[in-house]
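Observations on the model geometry
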Amino acid sequence: MGSKLILRDWTGLSDLVLDLIFQKLPSCSDCLCFGAVCKSWLFFVSNNYDALQQRGDTNSIAELPLLMIFKGPIGDMPAINTSLYSVTKGKIVLDLEIPLRYWTHECVGSSHGWLAFQAPNSFVLFNPFTHEKINLPPLEFDAHKVILSKNPSTSTYDYEVAAMSTSWTEDKVAILKPGRKTWIPIHGIIRGCNDMIYYDDRYYIVTYYGKVLSIDNTTLKYKEIAPPSTYKEFKEFYLVKTTTNELLRVEILRPHAKPTSVKIWKLVARPTTQQSMFVELDNLGDEVLFLSQHCSISVLASKFSGCKANSIFYMYRYGSPCKPWMFCVDFIHLQDGTFNTHFSFNTQTHDKYHTMPPALWIVPTPKFNT
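Now for a look at the structure at hand. Keep in mind it's a predicted model, so treat the numbers as computed, not measured.

Before going further, it helps to spend a moment on the sheet that holds strand β10 (residues 173–176). Spatial strand order, β8-β9-β10-β11: four strands in an open sheet with antiparallel pairing. Where the open sheet ends on each side, the last strands, each with one partner, are β8 (145–148) and β11 (184–186). Going across the sheet, the axis of each strand differs from the next one's by a mean of 20°, ignoring polarity. Relative to β11, β10 is paired through three bridges, and the arrangement is antiparallel. Residue V173 lies in a different strand from β11, and its bridge partner there is I186.

Shown next as structure tokens:
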């Protein structure tokens, strides 16, 4: 005789039991899944959202960056379709639809869990996890990368937006201050801007040649703090802030499309003059970097099962315009110097008609509402 199937009413668990489960959740994604079980569990998370934020502020709860892969439109649907890939689980964990028109909106950045989209005569910030949307004044140039100084969800009236273009003639940089209806252009930026970051109340830009510029956030004047790298073969440069609030310049050598070596520098003050300079690092310690053209993030490996310290997940493309581009996420372990392809994919979003980025890193920033 077959055994009886016992149905349990998970909605009736006491707050004490729910709290014991809640305290064991290691990430915001797990909290999202917790709240999706039923209305009573979502109600519990909503009532304890302050405790969740406090855990986030004290780093007792954290979130691993996910690779957001942009896909072409499905059928006649104009929305932007994406998939989220987890490097520790080695699979797509979630599909997300962004309710913006695919053929008119181009994603130009990921910052604090928000995405920046530029369209003809409009500019939008959108949080794909909360569906919060902020309309900004249009830009007068095509942005290559957009960053936020703070999370708009928690700093509603105190965040800035910075946009950067890149070209082989003259690059453009503009900043949108809180409360303003127009962007403030920064004139005279040299050509070849590759990456930009907001760090310690200043903006930093690194060029394709490795030169680093620092922009004063009050006067909006800039100065060079690091000269170009020795240029021999094709290199890419990224700026990343570590979990210990240190600024890194990362150089990846790609002589034949595939990466072959990595060098890392840390921003420090000269002992004699206290002027800023970069010194080379031997290793990253417990940090693991996630690098891509539109977003770069650093987390502590020890907080996440399956993450190795002193390593880099690097997303890049290779191929030629005559053939379909391939996109790879390489795992680079700095201690033993190994480069291994962790994940590869192709996409329909990067063609002559549209230039949606193939993928970028994003950190989920959920907001729980009943």
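So, next bit.
The next subject is the pairing of strand β18 (residues 261–269). Note: strand β17 (residues 247–253) against β18, six bridges, orientation antiparallel. The residue of β18 that forms the bridge with L253 is S261. Where β18 lies against strand β19 (residues 276–280), five bridges are found, and the strand directions are antiparallel. Its bridge partner lying in β19, A269 is registered against S276.

Turning our eyes to something else, we now look at the packing of aromatic side chains. Scanning the model with the defined rule gives twelve aromatic pairs in all. Look at F123 and W183: their rings are 5.6 Å apart centre to centre, the planes differ by 70°, and that puts the pair in the edge-to-face class. Of this pair, F123 sits in strand β6 (residues 122–126) while W183 sits in the loop between β10 and β11, placing them 60 residues apart in sequence. Among the residues examined, F123 registers a relative accessible area of 1% and is labelled buried. Among the aromatic residues, ring-to-ring pairing joins Y85, F327, F343 and F345 into one connected group. Between R249 and the ring centre of W265, over which it is positioned, the NZ or CZ distance is 4.3 Å. For the cation-ring pair, R249 lies above F278, with the distance from its terminal atom to the ring centre recorded as 5.7 Å.

Right, let's talk about the pairing of strand β15 (residues 222–226) for a bit. Relative to β15, strand β14 (residues 212–216) is paired through four bridges, and the arrangement is antiparallel. Within the sheet, the bridge partner assigned to S214 lies in β15 and is K223. Linking two consecutive strands that pair antiparallel, namely β14 and β15, is a turn of five residues; a positive phi of about 60° is found at L220 within it.

So, how was this worked out
Residues numbered from 1 in each chain as written. Predicted model: local features only at pLDDT ≥ 70, side-chain atom pairs only at ≥ 80, totals over all residues. Heavy atoms only, no water. Pairing = 2+ DSSP bridges. Helix = DSSP H or I, 4+ residues; strand = E, 2+ residues; numbered from the N terminus. Axes fitted to C-alpha atoms, helices over the stretch in contact; angles between N-to-C directions. Phe/Tyr/Trp six-rings, centres within 6.5 Å; stacked < 30°, edge-to-face > 60°. Buried < 20%, exposed > 50% of the residue type's maximum accessible area, 1.4 Å probe, protein only. Lys NZ or Arg CZ within 6 Å of the ring centre and 35° of its normal.

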